[in-house]
Amino acid sequence: MQHQVPELWARVAYPSLKPLGSWVTDFHARVAFMRDWLVNGPPRCFWLPGFFFPQGFMTGVLQQHARKYAIPIDTLSFEFQVRMKQLYTVTMPAFCRTWSCRGSHCIACMLWLTRNS
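Residues numbered from 1 in each chain as written. Predicted model: local features only at pLDDT ≥ 70, side-chain atom pairs only at ≥ 80, totals over all residues. Heavy atoms only, no water.

**What to know about the pattern of salt bridges**
Enumeration over the complete set of coordinates arrives at two salt bridges. D26 is paired through a salt bridge with K18; the nearest N and O atoms lie 3.7 Å apart. Two residues, R30 and D26, come together in a salt bridge whose shortest N-O distance is 2.7 Å. One end of the pair, R30, and the other, D26, are both in helix α2 (residues 20–40), four residues apart, so they sit about a helical turn from each other. Comparing R30 with D26, the two get one shared label, buried. Residues participating in the shared-partner salt-bridge network are K18, D26 and R30. (Salt bridge = Lys/Arg side-chain N within 4 Å of Asp/Glu carboxyl O. Helix = DSSP H or I, 4+ residues; strand = E, 2+ residues; numbered from the N terminus. Buried < 20%, exposed > 50% of the residue type's maximum accessible area, 1.4 Å probe, protein only.)

Structural data, given as structure tokens:
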């Protein structure tokens, strides 16, 4: 076992090419993200790389919105904007600080749910 995720773990875990030490750190950050959500309710921002299957989460967000407002899901989509500088000041949740996700990096890996006026 040369700094690799054990085969038994890898069979039931999320896919990753990280060495064992980095994998364990990442695993703890994912558990902290999910625990925080469970204990404190839905966060204001979601750490997309923390999901095993982020596409499923994003589809669920669209489905929830479509059902809430009784509109066809086929008419919904996500819009992304690449920003050159940070426009938001957000207090990062504990899982971000654990995973060292700060500044522009967080904007790249997070999904903020906002309401347009």
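**Let's talk about unusual backbone geometry**
One non-glycine residue, H3, lies in the positive phi region at around 60°. For H3, the location among the structural elements is in the segment before α1 (7–12). You can call H3 exposed: its relative accessible area is 62%. Here A70, not a glycine, exhibits a phi torsion of approximately 50°, which is positive. For A70, the position within the fold is in the loop between α3 (54–69) and α4 (94–99). Assessed through its relative accessible area of 70%, A70 is described here as exposed.

**Examining the confidence of the model for the protein chain**
Mean pLDDT over the protein chain stands at 76; residues scoring 70 or higher make up 68%. Mean pLDDT in the protein chain bottoms out at helix α5 (residues 103–109), which sits at 44, and peaks at α1, which reaches 92. (pLDDT = per-residue confidence, 0-100.)

**Here's the deal with α2**
Between the first and last C-alpha of α2 there are 30 Å, a value that for 21 residues agrees with the 30 Å anticipated at 1.5 Å per step. Three or more residues of α2 are buried, namely L20, W23, D26, A29, R30 and F33. Positive backbone phi, at 90°, marks G41, one or two positions downstream of α2. (Expected span 1.5 Å × (residues − 1).)

**Considerations on the nonpolar core**
Counting residues in hydrophobic clusters, the biggest one holds nine residues: A29, F33, F46, W47, L48, F51, F57, M58 and V61. Of all elements in the fold, only α2, β1 (45–47) and α3 reach the threshold of two or more residues within this core. Ranked by the residues each element gives to this core, the list is headed by α3, at three residues. (Core = buried A, V, L, I, M, F, W, Y, C linked by side-chain atoms within 4.5 Å.)

**Let's talk about the packing of aromatic side chains**
A full pass over the atoms with the stated rule returns eleven aromatic pairs. Three or more aromatic residues joined by ring pairs make a cluster, and in this case those are F33, W37, F46, W47, F51 and F57. The side chain of R30 reaches across the aromatic face of Y14, ending 3.6 Å from its centre. (Phe/Tyr/Trp six-rings, centres within 6.5 Å; stacked < 30°, edge-to-face > 60°. Lys NZ or Arg CZ within 6 Å of the ring centre and 35° of its normal.)

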